[in-house]
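Observations on the three-dimensional arrangement
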Amino acid sequence: NAGVMQNPRHLVRRRGQEARLRCSPMKGHSHVYWYRQLPEEGLKFMVYLQKENIIDESGMPKERFSAEFPKEGPSILRIQQVVRGDSAAYFCASSPRRVQSPLHFGNGTRLTVT
Amino acid sequence: GQQLNQSPQSMFIQEGEDVSMNCTSSSIFNTWLWYKQDPGEGPVLLIALYKAGELTSNGRLTAQFGITRKDSFLNISASIPSDVGIYFCAGQGDSGGGADGLTFGKGTHLIIQP
């Protein structure tokens, strides 16, 4: 049973470029969450999606960041015109239902903006 | 968003010693979770707690969901070298984690001295 799969594991972008981070949830999981982690910090919630719907994006910056979870294919976190402050580890988590359901995390994408 | 107060920030212990860490919040959570994160990896779920007062064990790990629903602790008995890592508490519910996402503590670094 494959876990949550994220790719790429490492991504280097120059300032102003776009970053696309992919997440395939565990089989049978239709709820996807994205978190950001800075060094020496806990994970900060960004966005919660179900298939084709954004349920809560209260943790996502209003500009340059977007997320989707299409009917077919992985969830995508997209960061346009990246800046140095976007450098962080981005983790995706999935669960089979909304309540009383622990989140299972992928191994993250480490984004470095040069 | 709200953060949990997790303590201690770091622990230096001898192999074989018992470990205790805790998390407190000013708000109520419906679920408490404990995760362990190794360098370069995603958080791995250790224990999930769903009821106030619940005490749950997983091998040498024991965790409790505080009766007020505002705190939780994690104990590790007879520590071994592979226990080294960062332990995170996480609350799930209405407190800023985003539609049943998680609010994380800042982590406890566990270091085991030979």
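All values derive from a computational prediction rather than experimental measurement.

**Some points on the overall build of chain B**
Helices and strands together make up the secondary structure of chain B, namely 0 helices and 11 strands. Helices (α) and strands (β) of chain B occur, in sequence order from the N terminus, as β-β-β-β-β-β-β-β-β-β-β. Rg of the C-alpha trace for chain B: 13 Å, near the compact-globule value of 13 Å for 114 residues, within the 12% margin. A burial count over chain B gives 46% of its 114 residues as buried. Look at the contacts in chain B between residues 6 or more apart in sequence, and 54% of them connect residues 24 or more apart. Of the roughly 5000 Å² that chain B leaves accessible, carbon and sulfur atoms contribute 52%. Treating the 6 positive side-chain charges of chain B as one cloud and the 10 negative ones as another, the clouds have centres 8 Å apart.

**Some words on the pattern of salt bridges**
If you walk through the whole model with that rule in mind, you get 6 salt bridges over all chains. Of the charged contacts in the structure, one is a salt bridge between A:Arg20 and A:Glu18, with a shortest N-O distance of 2.9 Å. For A:Glu18, a relative accessible area of 29% puts it in the partly exposed group. A salt bridge links B:Lys36 to B:Asp38, with the nearest nitrogen and oxygen atoms 3.0 Å apart. On the accessibility criterion, B:Lys36 (13% relative accessible area) is buried. According to the relative accessible area criterion, B:Asp38 is partly exposed, its value standing at 34%. Connected via shared salt-bridge partners are A:Glu18, A:Arg20 and A:Arg78.

**A look at the interface of chain B and chain A**
Between chain B and chain A, the contact holds 24 residues from the first and 25 residues from the second. Here chain B packs against chain A, burying approximately 1900 Å² in sum over the two surfaces, 50% of which is carbon and sulfur. If you look at where chain B meets chain A, you find 1 salt bridge. In this assembly, chain B and chain A are joined by 7 residue pairs in polar contact (both at pLDDT 80 or more). For the side of chain B that touches chain A, the secondary structure elements donating two or more residues are strand E4 (31-37), strand E5 (44-49), strand E9 (85-92) and strand E10 (102-104) of chain B. In terms of residue count, E4(B) provides more of the side of chain B that touches chain A than any other element does, 4 residues in total. Class assignment for the residues of the side of chain B that touches chain A results in 10 nonpolar, 11 polar and 3 charged.

**Some details on the sheet that holds strand E1 (residues 5-7) of chain A**
Residue and element names in this part refer to chain A. Across the sheet, 4 strands lie side by side as E1-E3-E8-E7; this open sheet has antiparallel pairing. Because the sheet does not close on itself, it has two edges, and the strands there are E1 and strand E7 (65-68). Across the sheet, the mean angle separating the axes of adjacent strands is 15° when strand polarity is ignored. When E1 meets strand E3 (residues 19-24), the two strands line up antiparallel, connected through 3 bridges. By the bridge assignment, Met-5 is partnered in E3 with Ser-24.

**Things to note about the nonpolar core**
Residue and element names in this part refer to chain A. If you look at the biggest cluster of nonpolar residues, it comprises 23 residues, and the most contacted ones within it are Trp-34, Met-46, Leu-77 and Tyr-90. Where this core is concerned, the elements lending two or more residues are E3, strand E4 (31-37), strand E5 (43-50), E7, strand E8 (75-79), strand E9 (88-95) and strand E11 (109-113). Not counting the four nearest positions on each side in its chain, Leu-77 is found in contact with Ala-19, Arg-20, Leu-21, Trp-34, Met-46, Met-60, Ser-66, Ala-67 and Tyr-90.

**Remarks on the state of the cysteines**
Residue and element names in this part refer to chain A. In the structure shown here, the tally under the stated rule is 2 disulfides over all chains. Across the disulfide from Cys-23 sits Cys-92; the S-S distance is 1.8 Å. Of note, the bridge from Cys-23 to Cys-92 carries an S-S torsion of about -55° and is left-handed in sense. In this pair, Cys-23 is assigned in strand E3 and Cys-92 in strand E9, connecting sequence segments 69 residues apart.

The rules behind each value
- Residues numbered from 1 in each chain as written.
- Chains lettered and ligands numbered in written order.
- Predicted model: local features only at pLDDT ≥ 70, side-chain atom pairs only at ≥ 80, totals over all residues.
- Heavy atoms only, no water.
- Helix = DSSP H or I, 4+ residues; strand = E, 2+ residues; numbered from the N terminus.
- Rg over C-alpha atoms; globule rule 2.2 N^0.38 Å.
- Buried < 20%, exposed > 50% of the residue type's maximum accessible area, 1.4 Å probe, protein only.
- Contact = heavy atoms within 4.5 Å.
- Areas by Shrake-Rupley, 256 points an atom, 1.4 Å probe, with all protein chains shown as cover.
- Lys, Arg positive; Asp, Glu negative; His and termini not counted.
- Charge placed at Lys NZ, Arg CZ, Asp CG, Glu CD.
- Salt bridge = Lys/Arg side-chain N within 4 Å of Asp/Glu carboxyl O.
- Buried area = accessible area lost by both parts, 1.4 Å probe.
- Polar contact = N/O pair within 3.5 Å; in protein donor to acceptor, adjacent residues only side chain to side chain.
- Nonpolar A, V, L, I, M, F, W, Y, C, P; charged D, E, K, R; others polar.
- Pairing = 2+ DSSP bridges.
- Axes fitted to C-alpha atoms, helices over the stretch in contact; angles between N-to-C directions.
- Core = buried A, V, L, I, M, F, W, Y, C linked by side-chain atoms within 4.5 Å.
- Disulfide = S-S within 2.5 Å.

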